[in-house]
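# Topology and contacts: notes
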Amino acid sequence: MTKYIFVTGGVTSSLGKGIISASLAKLLQARGYSVTIQKFDPYINIDPGTLNPYEHGECYVTEDGAETDLDLGHYERFLNVPTSQANNVTTGRIYQNVINKERQGEYLGKTVQVVPHITDEIKRNMRLLGETGKYDIVITELGGTVGDIESLPFIEAVRQFKWEEGAHNAIVIHLTLIPYLAAAGELKTKPTQHSVKALLEYGIQPDILVCRSERSISLDIRKKIALFCNVNVNAVIESLDASTIYDVPLLMMKEQLDKTVLSKLKLPQRNEPDMEKWKEFLGRLKNPTSEVKIGLVGKYVELPDAYKSIIESFVHAGSRNECKVKVEYIHSEGIYPDNAKEKLSHLDGVLVAPGFGSRGIEGKIDTIKYVRENNVPFFGICLGMQCAVIEFGRNVLGLKDANTTEINEEAEYPVINMMEDQKNVTAKGGTMRLGSYPCDLKKGTKAFAAYGKAHISERHRHRYEFNNAYLAQYEEAGMVASGMNPDSHLVEIVELKNHPFFVGGQFHPELKSTVANPHPLFVKFVAAAMEFAKKKTK
Ligand code: GLN
């Protein structure tokens, strides 16, 4: 029988429910349990695919092509197990399902209401992954903060769920904040007390409190919290600010969060969590023997969450190479042919980011011209790869004003073109080329050397593609298609023959990099940057 853990948040947003959920899941997994995490988000979009990155950070894409919340990225990076559409559900999806059922007459004769119809649909979705029989434990992270109007149906669903399943089969972990007031020189528990009171008003007694704090929480304060919030002292868990999110599982282990959870769920403790590999990863991460500076050129740089998975992929690849990767955000709108050198010459490598629309694209192309001509290691992702193709077309092949039809539908040389099966698509949301597709690698290329095999699969999210009408011309001039989809013959990877490292992928490698499996292209890119840095100092 599957057991359920709900993670709610109180006091303020951004306390890191996703990291706490992923860390707990990691510890339970390391004790031999099979665990998955799902996220329920209270907004009305069907999924975050239609949200601007400034609104909600990166849109994370799963193997099965779901456009999801970026917390699913943390789940995969920590657990090294893929998630799916079922792992992310929004208010919009719940209402859409209920309204569809209403139109099909499933509630015929009844008034359709938030309680019970919406809450029933929420509970049905909360059980879906558990019912596959694949998981001992399902962790459900509730987006938003307790007390928000829009979270109410979810909280009510959790109350009912807990009551239906019984105290030992479904528990609630509430994440709160214990602020430190410098003027008083004290940690303050009142916001936590209030937030637990709010939960109690909705009929939920949390089983465990995880308290975010800048300072260590003394036993006295823990006792006070326990007394006012009706929990055991050992169920008051301290979560101190960590220097890296990858420390959090070990911090939670020290606080015995996993043990407390298992005893509340009446599950055997099994073995102590096997975190050896994780510790090795952390050891390499924290004791680098070299350092590189990588420029991340994009147009959403004001909000680092927009590039979450890319940043984390650099952490994984850095650890693998025992190299500290310093990522410098560079706004693509600020780069021009005459300042490219000044903006880029101090870097050991440049990644040109994914993106949509015309803003900032010329700066990306100017960046690529500089790194191509100056042998700076380059990695282009999705739009970044497309820009590399445009740049090569314009400046090497002499295709004047070569472009993507995303920017100029009338381009004389449409070297990047809308994919055939996208041409009749008008609906937005879930309609791009999404999810995992196979790719065959050409022997003797950098891509092949990185992966060390001929058949791979990677995740996608795009509407435009390399225009194969130009392929022969490109390959002859030294930009080769080193990765191709075996079925559709879409170009998935381009690279330059005469360059130390110049690789562009139409897919998103950052979505598949995990602590256990750093992505090979990121690992090789960082290695190339290390080489470049070494040569520079010589
Ligand atoms: N805008 C480009 C396309 O749709 C690239 C998308 C991306 O970078 N994810 O093809």
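Above this text is the structure in question.
Keep in mind the model is a prediction, meaning the values are calculated, not measured.

Near the ligand, the surroundings consist of Pro-354, Gly-355, Phe-356, Cys-382, Leu-383, Gln-386, Glu-406, Arg-461, His-462, Arg-463, Tyr-464 and His-508. Residue Arg-463 places a main-chain N or O atom 3.0 Å away from an oxygen atom belonging to the ligand. Broken down by secondary-structure element, the contributors of at least two residues to the shell around the ligand are α15 (383-395) and β19 (455-462). Of the residues that constitute the shell around the ligand, the class distribution is 5 nonpolar, 4 polar and 3 charged.

The next thing to look at is the layout of surface pockets. Quantified by volume, the second largest pocket comes out at close to 540 Å³. Lining the second largest pocket are 30 residues, with Leu-51, Pro-53, Cys-59, Phe-356 and Arg-461 positioned closest to its centre. Counting residues per element, the lining of the second largest pocket draws most heavily on helix α2 (residues 53-56), which supplies 3 residues. In terms of residue class, the lining of the second largest pocket is built from 14 nonpolar, 8 polar and 8 charged.

Closest axis-to-axis distance for the helix α1 (residues 17-30)/helix α10 (residues 257-264) pair is 9 Å, and the angle between their directions is 75 degrees. As summarised for this structure, α1 and α10 are arranged roughly perpendicular, according to the angle between their axes. Packed against α1, whose contacting residues are Leu-24, Leu-27 and Leu-28, the element α10 presents Leu-257, Asp-258, Val-261 and Leu-262 at the interface. Counted by class, the contact of α1 with α10 contains 6 nonpolar, no polar and 1 charged residues.

What follows deals with the pattern of salt bridges. Tallied over the full model, the rule gives 39 salt bridges. Ionic pairing is found between Glu-102 and Arg-103, a salt bridge with its closest N-O pair at 2.7 Å. A relative accessible area of 30% places Glu-102 in the partly exposed class. With relative accessibility at 67%, the residue Arg-103 sits in the exposed group. Of the charged contacts in the structure, one is a salt bridge between Lys-188 and Glu-186, with a shortest N-O distance of 2.9 Å. You can call Lys-188 partly exposed: its relative accessible area is 30%. Residue Glu-186 is classed as partly exposed on the basis of its relative accessible area of 40%. Through salt bridges with shared partners, one network takes in Lys-39, Asp-41, Asp-69, Asp-71 and Glu-141.

Within the largest apolar cluster, 58 residues are counted, with the highest numbers of intra-cluster contacts made by Ile-5 and Val-261. Looking at this core, the element that brings in the most residues is α1, giving 8 residues. Ignoring any residue separated from it by four or fewer positions in sequence, one finds Ile-5 in contact with Leu-24, Leu-28, Ile-137, Val-138, Ile-139, Thr-140, Ile-171, Ile-173, Val-261 and Leu-265. Grouped together as the second largest cluster of nonpolar side chains are 39 residues, Cys-387, Phe-392, Val-491 and Leu-496 included.

Pairing is mixed in the open sheet, where 9 strands are placed in the order β13-β12-β14-β15-β23-β22-β21-β18-β19. Both outer strands of the open sheet, β13 (323-331) and β19, are each paired with one neighbouring strand and no more. Within the sheet, the average angular offset between the axes of one strand and its neighbour, ignoring direction, is 30 degrees. Here strand β12 (residues 290-298) runs beside strand β14 (residues 349-352); their pairing, made up of 4 bridges, is parallel. Paired with Ile-294 across the strands is Gly-349, a residue of β14. This element, α15, spans β14, β15 (378-381), β21 (479-484), β22 (491-496) and β23 (502-505) of the sheet and lies at about 115 degrees to β15.

Mapping Asp-247 onto the fold places it in the loop between β11 (236-240) and α9 (248-254). The class of Asp-247 is buried, set by a relative accessible area of 13%. Looking at Asp-247, its side chain comes within polar contact range of the side chain of Lys-286, at 2.8 Å. Non-local contacts of Asp-247, meaning those with residues more than four positions away in its chain, are made with Ala-242, Leu-282 and Lys-286.

The 7 strands lie next to each other as β5-β2-β6-β1-β7-β10-β11, forming an open sheet whose pairing is parallel. The open sheet has two edge strands, β5 (88-90) and β11, and neither has a second partner. For this sheet, the mean angle separating the axes of adjacent strands, direction not counted, is 20 degrees. Alignment of strand β1 (residues 3-9) against strand β6 (residues 137-142), held across 5 bridges, turns out to be parallel. Pairing of Phe-6 across the sheet is with Thr-140, part of β6. Set on the sheet, helix α8 (residues 219-229) makes contact with β10 (208-213) and β11; between it and β11 the angle comes to about 130 degrees.

Right, let's talk about unusual backbone geometry for a bit. A cis amide bond links Val-115 with the next residue in sequence, Pro-116, at an omega value of 15 degrees. Examined against the element boundaries, Pro-116 turns out to sit in helix α5 (residues 114-131). Although it is not a glycine, Asn-375 adopts a positive phi angle of roughly 60 degrees. Locating Asn-375 in the fold gives a position in the loop between α14 (361-373) and β15. According to the relative accessible area criterion, Asn-375 is partly exposed, its value standing at 36%. A positive phi angle is found at His-489, which is not glycine, with a value near 60 degrees. Take His-489: it is sitting in the loop between β21 and β22.

Okay, the environment of Gln-29 next. Within the secondary structure layout, Gln-29 lies in helix α1. Taking relative accessible area as the criterion, Gln-29 reaches 24% and is therefore assigned partly exposed. Between the alpha carbons of Gln-29 and Asn-45 there is a distance of 32 Å; along the sequence they are 16 residues apart.

Next up on the list: the packing of aromatic side chains. Tallied over the entire structure, the rule returns 18 aromatic pairs. Residues Phe-6 and Phe-161 carry aromatic rings whose centres are separated by 5.1 Å and whose planes lie at 75 degrees to one another, so their mutual orientation is edge-to-face. Separated by 155 residues along the polypeptide, Phe-6 in strand β1 and Phe-161 in helix α6 (residues 152-165) bring together distant segments of the chain. This pair shows no difference in class: Phe-6 is buried, exactly as Phe-161 is.

Here is what the cut-offs are and how they apply
Residues numbered from 1 in each chain as written. Predicted model: local features only at pLDDT ≥ 70, side-chain atom pairs only at ≥ 80, totals over all residues. Heavy atoms only, no water. Near = heavy atom within 4 Å. Polar contact = N/O pair within 3.5 Å; in protein donor to acceptor, adjacent residues only side chain to side chain. Helix = DSSP H or I, 4+ residues; strand = E, 2+ residues; numbered from the N terminus. Nonpolar A, V, L, I, M, F, W, Y, C, P; charged D, E, K, R; others polar. 1 Å grid on protein atoms, 1.4 Å probe; cavity = no way out; pocket = protein on both sides within 12 Å on 5 of 7 lines; lining within 4 Å. Points joined across faces, edges and corners; volume = space filled by probe spheres on them. Axes fitted to C-alpha atoms, helices over the stretch in contact; angles between N-to-C directions. Parallel < 35°, antiparallel > 145°, perpendicular 65-115°, else oblique. Contact = heavy atoms within 4.5 Å. Salt bridge = Lys/Arg side-chain N within 4 Å of Asp/Glu carboxyl O. Buried < 20%, exposed > 50% of the residue type's maximum accessible area, 1.4 Å probe, protein only. Core = buried A, V, L, I, M, F, W, Y, C linked by side-chain atoms within 4.5 Å. Pairing = 2+ DSSP bridges. Phe/Tyr/Trp six-rings, centres within 6.5 Å; stacked < 30°, edge-to-face > 60°.

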